[in-house]
Amino acid sequence: MAEKFIIEPCEELRGEIEIGGSKNAVLPVLAATILTGQENVLQNVPSLSDVEAMSGLLETLGAKTQWDKKSGNLTVSTAAINSQEAAYELVVKLRASFLVTGPLLARFGKAKVPLPGGCAIGSRPVDLHLKGFAALGAEVDNSHGCVTVEARRLKGAKIYLDFPSVGATENLMMAAALAEGQTILENCAVEPEIVDLANFLNAAGGKIRGAGTDTIKIDGVRDMKATQHSIIPDRIEAGTFMVAAALTRGDVLLTNVTADHVKPVTAKLKEVNILVEELETGIRVRHDPSHEIISADLKTMPYPGFPTDMQAQFMALMCTAGGTSIITETVFENRFMQVGELKRMGAEIKIESRSAIVEGVKKLTGTQVAASDLRAGAALVLAALRADGLTEITGIHHIDRGYYRLDTSLNKLGARIKRV
Ligand code: EPZ
């Protein structure tokens, strides 16, 4: 029987929360372990179902993994990899599985990975990944729902990405790491997760410069070696707790968070009258008793703009802010799945093409709602914290993909969430 959350309205959230390792950093780094053919020790790995899925995929390829969830250490040995084919049922469960394509191609000269389908938030094409593999000299076949890429040895190339795609930047950086000669990726993504992946690759003997800027230079090496690496904190989990503190008019200290990585969220929360202080010990987010929360417009952009992964959570905050907020989603074509559910809770929202117009209301009311994807689900949890009456949220497996026990963490801060 699928689990669901029963959420009672709570007082202000108060206390301290330690942020876990980044889901969107550890997934590409796990794929990159394929390149070393050695033992790689990853630290600060979050206990998420997506991480289970990725390490499970590596095991089907022949890798050995050992995960001590208490310490957060995950050791992956990829010496014994003997298959370059990812199974359909694994890729359909985790789109990020497609990130094994670049490393398999680079190390073994071939990879056969099912084309990831779309998901709730959009069609999620991988055309930029495939164009990049072809530019590096690979034969690319995309038919029967499967991508097959082959090359005796990849050759460095200059690649201009039509869009600063996070996944394409990661896949191509990994493919280029063992290619012959230099690869230059231009107009690439600059997210902190790209920098973390580059740091892992360099620690394993790679030669990558410019990660974090829109031009990355990769000098191919013959082979890479064993290494250990600590995963950066999850800036989206952090942003989610920051919005939870704001929404409940509370006072929360987030520890083990990189302030730089959440700057766009900090700036937006300050704009709507929330007090955010960057302290030695972490980031303190609290409601300013002398100012009510006001509305602000929002436009999601690739980093360092406001993250698309925080759009739904911010919308939940705007539902009970004073005034009108225009929220524009520029990164994915269908990322307003939370709107219908928030309206069931009494929110006033109108969608005009890529924008949602949110009229703040006094209070939302609890009812049954369904999570459609990871971040929309998180937004519904936040909205429920202050809604009048009980809220029941189904589809919470989506939430467990990207948040380690979100219910337990929020309850530690004073929320009243039951997982049944
Ligand atoms: C990563 O997805 C994240 N996932 C997403 O987080 C995040 O929302 C996204 O980056 C943007 O920041 C992981 O890191 C595992 P993209 P990714 O390639 O790599 C288009 C979450 O909630 N595009 O930057 O798939 C695409 O359709 C998840 O944690 C192409 O057109 O994102 C989209 O509109 C959701 N062709 C836009 O680019 C391509 O070949 C951004 O996609 C690739 C992408």
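Residues numbered from 1 in each chain as written. Predicted model: local features only at pLDDT ≥ 70, side-chain atom pairs only at ≥ 80, totals over all residues. Heavy atoms only, no water.

Undergrad: Explain the site of the ligand residue by residue, including any values.
TA: Taken together, 20 residues form the shell around the ligand, and within it D127, L128, S165, D309 and V331 come nearest. The contact in question runs from an oxygen atom of the ligand to an N or O atom on the backbone of P125, over 3.4 Å. Measuring from an oxygen atom of the ligand, one finds a side-chain N or O atom of S165 at 2.7 Å. In isolation the ligand exposes 820 Å². Once the protein is present, 85% of that is buried. Of all the elements in the fold, those that place two or more residues in the shell around the ligand are α1 (23-32), α5 (127-135), α6 (166-176) and α12 (374-385). Looking at the shell around the ligand element by element, the count peaks at three residues for α5. The residue makeup of the shell around the ligand, split by class, is nine nonpolar, five polar and six charged. (Near = heavy atom within 4 Å. Polar contact = N/O pair within 3.5 Å; in protein donor to acceptor, adjacent residues only side chain to side chain. Areas by Shrake-Rupley, 256 points an atom, 1.4 Å probe, with all protein chains shown as cover. Helix = DSSP H or I, 4+ residues; strand = E, 2+ residues; numbered from the N terminus. Nonpolar A, V, L, I, M, F, W, Y, C, P; charged D, E, K, R; others polar.)

Undergrad: Quick rundown of the sheet that holds strand β3 (residues 39-43)? Include the residues and the values.
TA: Backbone hydrogen bonds are what pair the strands of a sheet, in a parallel or an antiparallel way. On the basis of which strands lie adjacent, the open sheet formed by four strands has the order β4-β5-β3-β13 and mixed pairing. The two strands at the open ends of the sheet, each matched to only one other strand, are β4 (64-68) and β13 (227-230). Neighbouring strand axes in the sheet, compared pairwise and without regard to direction, differ in orientation by 15° on average. Where β4 and strand β5 (residues 73-77) come together, five bridges link them in antiparallel fashion. By the bridge assignment for β5, K64 is matched with S77. The strands touched by helix α2 (residues 49-60) are β4 and β5; relative to β4, the strand with the most contacts, the crossing angle is about 155°. (Pairing = 2+ DSSP bridges. Axes fitted to C-alpha atoms, helices over the stretch in contact; angles between N-to-C directions. Contact = heavy atoms within 4.5 Å.)

Undergrad: If you had to explain the packing of aromatic side chains to someone new, which residues and values would you point to?
TA: This structure, assessed with the given rule, holds one aromatic pair. When the centroid spacing of 5.7 Å and the interplanar angle of 65° are considered together, the rings of F306 and F314 count as edge-to-face. Relative accessible area serves as the criterion here: at 7%, F306 is assigned to the buried category. Above the ring of W67, the side-chain terminus of K69 is found at 4.7 Å from the ring centroid. (Phe/Tyr/Trp six-rings, centres within 6.5 Å; stacked < 30°, edge-to-face > 60°. Buried < 20%, exposed > 50% of the residue type's maximum accessible area, 1.4 Å probe, protein only. Lys NZ or Arg CZ within 6 Å of the ring centre and 35° of its normal.)

Undergrad: Explain the pattern of salt bridges to me, and be specific about the residues and the numbers.
TA: Under the definition given, this model contains 19 salt bridges. One salt-bridge network, held together by shared partners, links E3, D400, D407 and R419. (Salt bridge = Lys/Arg side-chain N within 4 Å of Asp/Glu carboxyl O.)

Undergrad: Account for unusual backbone geometry, with residues named and values stated.
TA: With an omega dihedral of 5°, the bond running from Y303 to P304 counts as a cis peptide bond. The residue P304 is located in the loop between β17 (298-299) and α10 (311-318) in this model. In this structure, N256 is a non-glycine residue whose phi angle is positive, near 55°. Tracing the backbone shows N256 in the loop between β14 (251-255) and α9 (263-271). With a relative accessible area of 32%, N256 lands in the partly exposed category.

Undergrad: An account of α5 is requested, with residue identities and associated values reported.
TA: Along α5, the residues classified as buried are L128, H129, L130, G132 and F133. Close packing links the buried residues of α5 with α4 (101-108), β7 (139-143), β8 (146-150), β9 (158-160) and α6. Downstream of α5 by a residue or two, G137 has a phi angle that is positive, lying close to 100°.

Undergrad: Can you break down the side chain of T227 residue by residue, with the values?
TA: As for its position among the elements, T227 is in strand β13. Judged by relative accessible area, which is 12%, T227 ranks as buried. For T227, the residues in contact, after removing those within four places along its chain, are E39, N40, V41, F200, A203 and A204.

Undergrad: Describe α1, listing the residues and the values that go with them.
TA: Most of α1 sits inside the fold, with nine of its 10 residues counted as buried. Regarding α1, its N-cap is S22, as a side-chain oxygen of that residue lies 3.3 Å from the backbone nitrogen of N24 further along.

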